[in-house]
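# Residue-level structural notes
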Amino acid sequence: MYAGNSFEDEIAGLEEEGLRRKLAALPGAGGKLTIDGSEVLNFSSNDYLNLANDPRLKDSAKAAVERYGCGATASRLMAGDLILHEELDMRLAGLVHQQAALVFPSGFQANLGAITTLAAKDGIIFSDELNHASIVDGCRLARAQVHIFRHCDLDHLEGLLQTHQRGGRKIIVSDGVFSMDGDLAPVSALRQLADRHGAYLLIDEAHALGVFGRGAGLCAELGVKPDVVVANMTKALGSGGGFVAGSRDFIDLLINKARSFIFSTGLAPACLGSALKAVEIVEAEPELGAELLRRAKFLRGLLNEKGFDIPDEASQIVPMVIGSNEAAVEMSGALLERGVLITAVRPPSVPDGTARLRLSITLAHDEGDLHRATEVMAAIALEAGVL
Ligand SMILES: Cc1ncc(COP(=O)(O)O)c(C=O)c1O
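Starting afresh in each chain, residues are numbered from 1 along the sequence in its written order. Confidence filtering applies because this is a predicted model: local features only for residues at pLDDT of at least 70, side-chain atom pairs given and counted only at 80 or more, and all residues used for totals across whole chains, interfaces and linings. For side-chain calculations, the full set of non-hydrogen atoms in the structure is used, while hydrogens and water are omitted.

Turning to unusual backbone geometry, a few remarks are in order. Residue Pro348 is reached from Pro347 by a cis peptide bond, and omega for that bond is 10°. Think of it this way: any DSSP run of H or I at least four residues long counts as a helix, any run of E at least two long counts as a strand, and we number them from the N terminus. Here Pro348 is to be found in the loop between strand E12 (344-345) and strand E13 (355-360). Phi angles above zero are rare outside glycine, and Arg143 is one such case at about 55°. For the exposure calls, accessible area comes from a 1.4 Å probe over protein chains only, and a residue counts as buried if that area is under 20% of its type's maximum, exposed if over 50%, partly exposed in between. Given the relative accessible area of 73%, Arg143 is considered exposed.

What follows concerns the packing of aromatic side chains. Classification of ring pairs rests on two measures: the distance between centres of Phe, Tyr or Trp rings, Trp counted by its six-membered ring, which must be within 6.5 Å, and the angle between planes, read as stacked under 30 degrees, edge-to-face over 60 and tilted in between. For the structure on display, the rule yields 1 aromatic pair. Residue placement shows Arg67 over the ring face of Tyr68; its charged tip is 5.1 Å from the ring centre. Only when the NZ of Lys or the CZ of Arg is both within 6 Å of the ring centre and within 35 degrees of the ring normal is a charge said to sit over the ring.

Once that is clear, we can look at the site of the ligand. What makes a residue near a molecule or strand is one non-hydrogen atom of that residue sitting within 4 Å of it. Not every one of the 14 residues close to the ligand is listed here, only the nearest: Gly107, Phe108, Asp204, His207 and Lys235. Identification of polar contacts relies on pairs of N or O atoms within 3.5 Å, with a donor-acceptor requirement for protein atoms, meaning one able to donate a hydrogen and the other able to accept it, and with residues adjacent in sequence counted only if both atoms are side-chain atoms. A distance of 2.9 Å separates an oxygen atom of the ligand from a polar atom in the side chain of Asn232. One of the side-chain N or O atoms of Lys235 is found 3.0 Å from an oxygen atom in the ligand. Across the complex, the protein chains shield 82% of the 390 Å² of accessible surface that the ligand would expose by itself. Looking at the shell around the ligand, the element that brings in the most residues is helix H5 (residues 107-119), giving 3 residues. Think of it as three bins: nonpolar holds Ala, Val, Leu, Ile, Met, Phe, Trp, Tyr, Cys and Pro, charged holds Asp, Glu, Lys and Arg, and polar takes everything else, Gly as well. Looking at the shell around the ligand residue by residue, the classes come out as 2 nonpolar, 9 polar and 3 charged. Per-residue accessibility takes into account occlusion by the displayed protein chains alone, with areas from the Shrake-Rupley method and a 1.4 Å probe.

What follows is about the domain arrangement of the protein chain. According to the domain assignment, the protein chain consists of domain 1 (26-48 + 287-384) and domain 2 (55-284). Using C-alpha coordinates to define each centre, domain 1 is positioned 27 Å away from domain 2. In this assembly, 21 residues from domain 1 lie in contact with 17 residues from domain 2. Buried area between domain 1 and domain 2, both sides added, is near 1,400 Å², and the carbon and sulfur share of it is 61%. One speaks of a salt bridge when a side-chain nitrogen belonging to Lys or Arg is within 4 Å of a carboxyl oxygen belonging to Asp or Glu. For the interface between domain 1 and domain 2, the tally reads 1 salt bridge. For Arg356, the salt bridge is made with Asp181, and the minimal N-O distance between the two is 3.0 Å. At the junction of domain 1 and domain 2, the tally comes to 6 residue pairs in polar contact (both at pLDDT 80 or more). Where the side of domain 1 that touches domain 2 is concerned, the elements lending two or more residues are helix H13 (288-305), strand E10 (317-323) and E13. Here the side of domain 1 that touches domain 2 gets 6 residues from one element, more than from any other, and that element is H13. Each domain's extent was defined by an automatic or database domain assignment. Every residue pair with non-hydrogen atoms within 4.5 Å of one another is taken to be in contact. In this description, buried area is defined as the sum, over both parts, of the accessible area (probe of 1.4 Å) that is lost when the two are combined.

Turning our attention to helix H2 (residues 55-68). Here, expected helix span is obtained from the residue count minus one, scaled by 1.5 Å. Across its 14 residues, H2 extends 20 Å between first and last C-alpha, which sits within 8% of the 20 Å expected from 1.5 Å per residue. All of the buried residues in H2 are Leu57, Ser60, Ala61 and Ala64. Seen along its axis, H2 keeps its buried residues to an arc of 100°; they face one direction. For H2, the exposed residues lying more than 90 degrees away from the buried face are Pro55, Lys62 and Glu66. Next to the buried residues of H2 lie helix H4 (83-95) and helix H12 (269-284). Taken from the helix axis, the directions to the C-beta atoms give the arc we talk about.

Let us look at the sheet that holds strand E1 (residues 32-35). Sheet strands pair via backbone hydrogen bonds, and the direction of the pair is either parallel or antiparallel. At least two bridges found by DSSP between two strands are what make those strands a pair. In spatial order, the strands read E1-E2-E11; together these 3 strands make up an open sheet with mixed pairing. Taken across any chain shown, the strands that pair with only one partner, and hence form the sheet edges, are E1 and strand E11 (340-341). Pairing of strand E2 (residues 38-42) with E11 involves 2 bridges; the strand directions are parallel. Across the sheet, Asn42 pairs through a bridge with Leu341, a residue of E11. Note on geometry: axes are lines fitted to C-alpha atoms, helical ones only across the stretch in contact, with angles between N-to-C directions running from 0 to 180 degrees. Packing against the sheet, helix H15 (residues 367-384) makes contact with E1, E2 and E11, and its axis sits at approximately 85° to E2.

Take the sheet that holds E13 next. Spatially, E10-E13-E12 is the arrangement adopted by the 3 strands of the open sheet, whose pairing is antiparallel. The open sheet has two edge strands with one neighbour each: E10 and E12. Sheet analysis places E12 next to E13, joined by 2 bridges and oriented antiparallel. Residue pairing in the sheet places Ala344 in a bridge with Leu357 of E13.

All right, on to the pattern of salt bridges then. Applying the stated criterion to the full structure yields 21 salt bridges. As a salt-bridge pair, Lys62 and Asp59 come within 3.8 Å of each other at their nearest N and O atoms. Taken together, the residues span about one helical turn, with Lys62 and Asp59 both in helix H2 at a distance of 3 residues. Among the residues examined, Asp59 registers a relative accessible area of 45% and is labelled partly exposed. A salt bridge links Arg140 to Asp137; the shortest N-O distance between them is 3.3 Å. Of this pair, Arg140 and Asp137 both sit in helix H6 (residues 133-142), separated by 3 residues, roughly a single helical turn. For Asp137, a relative accessible area of 28% puts it in the partly exposed group. In this structure, a network of salt bridges that share partners links the residues Glu291, Arg294, Arg295 and Glu367.

So, in structure tokens, the structure goes:
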């Protein structure tokens, strides 16, 4: 055996730091679950619009499977480009007000493909320090110059843009709604900076699609046009897969250059069918997102009344920073025993010392549920000495 660096040693190291992760299989997905016969409020699902179990999506997924089978069976450039892929490309482009879009097997792959293609080999990327891991990995894979700006710090970003001018395409990249803090990127100011410095703007709308801008995302809500949008069908749309949207030329380039697209089997028909139905629903009922945000604001108010210090952000993601990894995990366990599922989020998903309980509110949660969850959270926080 390899003394000192065995798998067991590495896992023991994670355990010591309170960073060991374990899978925990659930009997279902979405904002409300039945576990061992009892109802559990699930605040760790991103099924924001409560669509993952919607019968309309299920029927559409079933019809797609009947017509196309269970797998795309090849990458889209080989023989895996189904009519449904192209229909969904078109519908997603329309949803986010871009010329064209391209469906990827996952949102993670969409970011890898968009960033590596945009940056080519001599690009200069300016990336917010709290961007999602798929953006971080896209920057690494691009083998471009990467400059990290302090979270939402426009002065820092502008300084970096002024200092680093030589090279290929300049790209500013940011989450729209930040996944672990629920705060919003200053997308209008990012657009202005990009214009002033001749940079492209890529915004990841993963947590804003379907929620902000009558479903079209945060940029649409604020009247901002990014050069490239990345998002996915895995959250508000209740399905699977990701996509990149932008100009027709950029999408054409992606088809030719993005390795995470070219060398991966096309998204499966069930996901295509359900995602198409979800887009139809979001376009027909554009007020769903606003209702979700109203409920999120209501929960923030309830939690603050109990003495929590919840930031006044506008999104459906509510962070409750605990600090210690062990305390966050213990509280999460105690909450589940009382029927509230909030998974602890620890480094490297969040910065060291900021382990937290991160709540995602969904349309499965009504006001009564939010009251019930608040009571349970307050009781557990008092027991844990963090309130
Ligand atoms: C901001 C952001 N971008 C991209 C992704 C990746 O998307 P997917 O889960 O569809 O691979 C996620 C999902 O976790 C995300 O939160």
